[in-house]
Amino acid sequence: MKRSLTLNYEEGENWKDLNEDLHAMIEETITFSKNAYAPYSNFKVSAGLTLENGIKNFGTNVENASYPASICAERTLISHTVANHPNDRIKTMVIYVDKAVGEPVPPCGICRQTILEIELKQKSPIEIILISKEGNYKVFEKSADLLPLYFDGSVL
Ligand code: THU
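Residues numbered from 1 in each chain as written. Predicted model: local features only at pLDDT ≥ 70, side-chain atom pairs only at ≥ 80, totals over all residues. Heavy atoms only, no water.

A. Region of interest: the site of the ligand. All residues in the neighbourhood of the ligand are listed as S41, F43, V45, N61, E63, C72, A73, E74, P107 and C108. The separation between a nitrogen atom of the ligand and a polar side-chain atom of E74 is 2.8 Å. In this structure, C108 approaches the ligand through a main-chain N or O atom, which is 2.9 Å from an oxygen atom. Considered on its own, the ligand offers 370 Å² of accessible surface; in the complex 76% of this is hidden by protein. The residue inventory of the shell around the ligand, partitioned by class, reads 6 nonpolar, 2 polar and 2 charged. (Near = heavy atom within 4 Å. Polar contact = N/O pair within 3.5 Å; in protein donor to acceptor, adjacent residues only side chain to side chain. Areas by Shrake-Rupley, 256 points an atom, 1.4 Å probe, with all protein chains shown as cover. Nonpolar A, V, L, I, M, F, W, Y, C, P; charged D, E, K, R; others polar.)

B. Region of interest: the pairing of strand β2 (residues 45-51). Among the 7 residues that make up β2, 7 are buried, leaving the element largely enclosed by the rest of the structure. Sheet analysis places β2 next to strand β4 (residues 90-97), joined by 7 bridges and oriented antiparallel. Paired with A47 across the two strands is I95, which belongs to β4. Of the strand pairs in this sheet, β2 and strand β3 (residues 56-60) are connected by 5 bridges, and their pairing is antiparallel. Of the residues in β3, the one forming a bridge with G48 is F58. Taking the residues that link successive antiparallel strands as the turn, the β2-β3 hairpin has 4 residues, and the phi of G54 there is positive, at about 95°. (Buried < 20%, exposed > 50% of the residue type's maximum accessible area, 1.4 Å probe, protein only. Helix = DSSP H or I, 4+ residues; strand = E, 2+ residues; numbered from the N terminus. Pairing = 2+ DSSP bridges.)

As structure tokens, then:
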């Protein structure tokens, strides 16, 4: 039997069309990409999140001369937040790539699994907002939407 899955998201040309509550967070995440440590790829990525209590955290990719020791912006951010705010739920995560490639860049598979782990732990959706250098956006209501048929630790 063949099956197909539907991927749900919203997209638009200009992130300023999104709810005004999100604008400061998006602007700060874009600015934060200057902190990316990406001397090998020159591919600067930043991520920002808001917690339910209003606290904002930011992260970037941090590369290493031993290439596999590098870490993506999303996982830098998740690790920091889970370690420093273990009891606060994440509401929204913004991801920005400082390279004009025409479209918002979706997170890699490992980052999707990492974000999903925390979404399952906190039992509430983490909204994912992807922003391109050109200003267009994609919004996913929850991180699970970005990772269909994900590996769920409850099977362990
Ligand atoms: N990168 C991220 O920060 N997030 C992703 O989801 C994909 C890739 C970083 C890792 C590396 O520093 C650079 O982008 C090129 O792969």
